[in-house]
Amino acid sequence: MDSILLRNFIGNYRTPFEEEKAMIPDFLALLDDPMAFSRDRQEGHFTASAWIVNKRRTHTLLTLHRKLQKWLQLGGHADGNENLLEVAMDEAREESGLTSLRLVDRFIFDLDRHIIPANAKDPQHIHYDVRFLIEAEMDEPLVISPESKDLAWVGFDMTAELVGYEGSILRMLEKTSRSEILL
């Protein structure tokens, strides 16, 4: 998926969630910047995430992010790679150690724009996160990467309690729960 295909996917992306719809023009505008896929673009840049679920759609795999101290979906920086689907799959493998990962749909599952607080290396900036739905086997051993403090398969019934009010995770959870056709 190069930036032309990504522009097409984002431009044609449909969601029932108003907050997500409102982000689409900003994602499309960012595609016009030649630095959009580089973390050197300090105002903000593309990232890609994997919303990993089990086949029965009862659990999601979350990571306790070392820097942000929050339970989140797995993902990371594009670092120049315009193929955000490839970035999401690579990050999912690197951050979980899973080999059973299977893309459910090559189309975008979710979009989110969020602020990353300043740290010792970087100023505050925005992540334009493109997310994909991925399945994995729950019985496979997990490998915690240096970017994480922990990894856990979390039941859908416990996800909201664990993440608190992390709106985009609750939105992905709702999308997954609604998607009976994916079973």
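Residues numbered from 1 in each chain as written. Predicted model: local features only at pLDDT ≥ 70, side-chain atom pairs only at ≥ 80, totals over all residues. Heavy atoms only, no water.

*Asks:* Sorry if this is basic, but what is going on with the packing of helix α5 (residues 156-163) against helix α6 (residues 167-178) here?
*Replies:* Pairs of packed helices are described in terms of their axes, by the angle between the two and the distance that separates them. Viewed as axis vectors pointing N to C, α5 and α6 meet at an angle of 170°, and their least axial separation amounts to 10 Å. For the element pair α5 / α6, the angle class is roughly antiparallel. Contacts between α5 and α6 involve Phe-156, Thr-159, Ala-160 and Val-163 from the first element and Ile-169, Leu-170, Leu-173, Thr-176 and Ser-177 from the second. Here the contact of α5 with α6 is composed, by residue class, of 6 nonpolar, 3 polar and no charged. (Axes fitted to C-alpha atoms, helices over the stretch in contact; angles between N-to-C directions. Helix = DSSP H or I, 4+ residues; strand = E, 2+ residues; numbered from the N terminus. Parallel < 35°, antiparallel > 145°, perpendicular 65-115°, else oblique. Contact = heavy atoms within 4.5 Å. Nonpolar A, V, L, I, M, F, W, Y, C, P; charged D, E, K, R; others polar.)

*Asks:* Got a minute to help me understand the pattern of salt bridges in this structure?
*Replies:* Think of it this way: side chains of opposite charge can pair up when their charged atoms draw near. Applying the stated criterion across every chain yields a total of 19 salt bridges. Residue Asp-79 is joined to Arg-39 by a salt bridge in which the shortest nitrogen-to-oxygen separation is 2.8 Å. Of the two residues, Asp-79 is situated in the loop between β4 (74-77) and α4 (84-96) and Arg-39 in the loop between α3 (24-30) and β1 (44-53); the sequence distance between them amounts to 40 residues. Judged by relative accessible area, which is 49%, Asp-79 ranks as partly exposed. Overlapping salt bridges, with partners in common, bring together Glu-19, Glu-20, Asp-110, Asp-112, Asp-129, Arg-131, Arg-171 and Lys-175 in one network. (Salt bridge = Lys/Arg side-chain N within 4 Å of Asp/Glu carboxyl O. Buried < 20%, exposed > 50% of the residue type's maximum accessible area, 1.4 Å probe, protein only.)

*Asks:* Is there a simple way to think about α5 in this case?
*Replies:* Given 3.6 residues per helical turn, the α-helix brings residues three or four places apart onto the same face. What α5 keeps buried is the set Phe-156, Thr-159 and Val-163. Down the axis of α5, the sector holding all buried residues measures 20°, keeping them to one side. Facing away from the buried side of α5 by over 90 degrees, the exposed positions are Asp-157 and Glu-161. On its buried side, α5 packs onto β1, β2 (59-65), β3 (71-72), β8 (148-155) and α6. Where α5 terminates, the next one or two residues include Gly-164, which has phi positive at roughly 65°. (Arc of directions from axis to C-beta.)

*Asks:* Would you explain the environment of Thr-176 in this entry?
*Replies:* Relative to the assigned elements, Thr-176 resides in helix α6. With a relative accessible area of 2%, Thr-176 lands in the buried category. Between the C-alpha atoms of Thr-176 and Phe-156, which are 20 residues apart in sequence, the distance is 9.4 Å. In contact with Thr-176, other than residues within four places in its own chain, are Trp-51, Val-53, Arg-57, Phe-109 and Phe-156. Looking at Thr-176, its side chain comes within polar contact range of the main-chain oxygen of Met-172, at 2.8 Å. (Polar contact = N/O pair within 3.5 Å; in protein donor to acceptor, adjacent residues only side chain to side chain.)

*Asks:* Honestly, the nonpolar core in this entry has me stumped. Any pointers?
*Replies:* It is characteristic of soluble globular proteins that their nonpolar side chains tend to be buried jointly. Counting residues in each nonpolar core, the largest one holds 35 residues, and the members touching the most others are Ile-10, Phe-46, Ile-52, Leu-84 and Ile-108. For this core, the secondary structure elements donating two or more residues are α1 (3-11), α3, β1, α4, β7 (125-135) and β8. Residue contributions to this core peak at 6 residues, all from α4. One finds Leu-64, Leu-72, Val-163 and Ile-169 within the second-largest nonpolar core, a separate group that totals 14 residues. (Core = buried A, V, L, I, M, F, W, Y, C linked by side-chain atoms within 4.5 Å.)

*Asks:* Please explain the confidence of the model for the protein chain as it appears in this structure.
*Replies:* As a note on interpretation, predicted positions should not be read in detail where pLDDT is low. Per-residue pLDDT for the protein chain has a mean of 92; in total, 96% of the residues score no lower than 70. Confidence, expressed as mean pLDDT per element, reaches its minimum in the protein chain at α1 with 86 and its maximum at β1 with 98. (pLDDT = per-residue confidence, 0-100.)

*Asks:* How do you make sense of unusual backbone geometry when you look at a structure like this?
*Replies:* Most of the time, phi is negative for any residue but glycine, and the peptide bond is trans. You will see that Arg-57, though not glycine, has its phi angle at about 60°, which is positive. Relative to the elements of secondary structure, Arg-57 occurs in the loop between β1 and β2. Overall, Arg-57 belongs to the buried group, its relative accessible area being 8%. Phi is positive for Asp-79, which is not a glycine, with a value near 45°.

*Asks:* What should I look at first to understand the pairing of β2 in this one?
*Replies:* The two faces of a sheet get side chains in turn, since along a regular strand they alternate between them. The buried fraction of β2 is high, at 5 of 7 residues. With 7 bridges joining them, β2 and β8 adopt antiparallel strand pairing. From the neighbouring strand, Leu-61 faces β8, where its bridge partner is Trp-153. (Pairing = 2+ DSSP bridges.)

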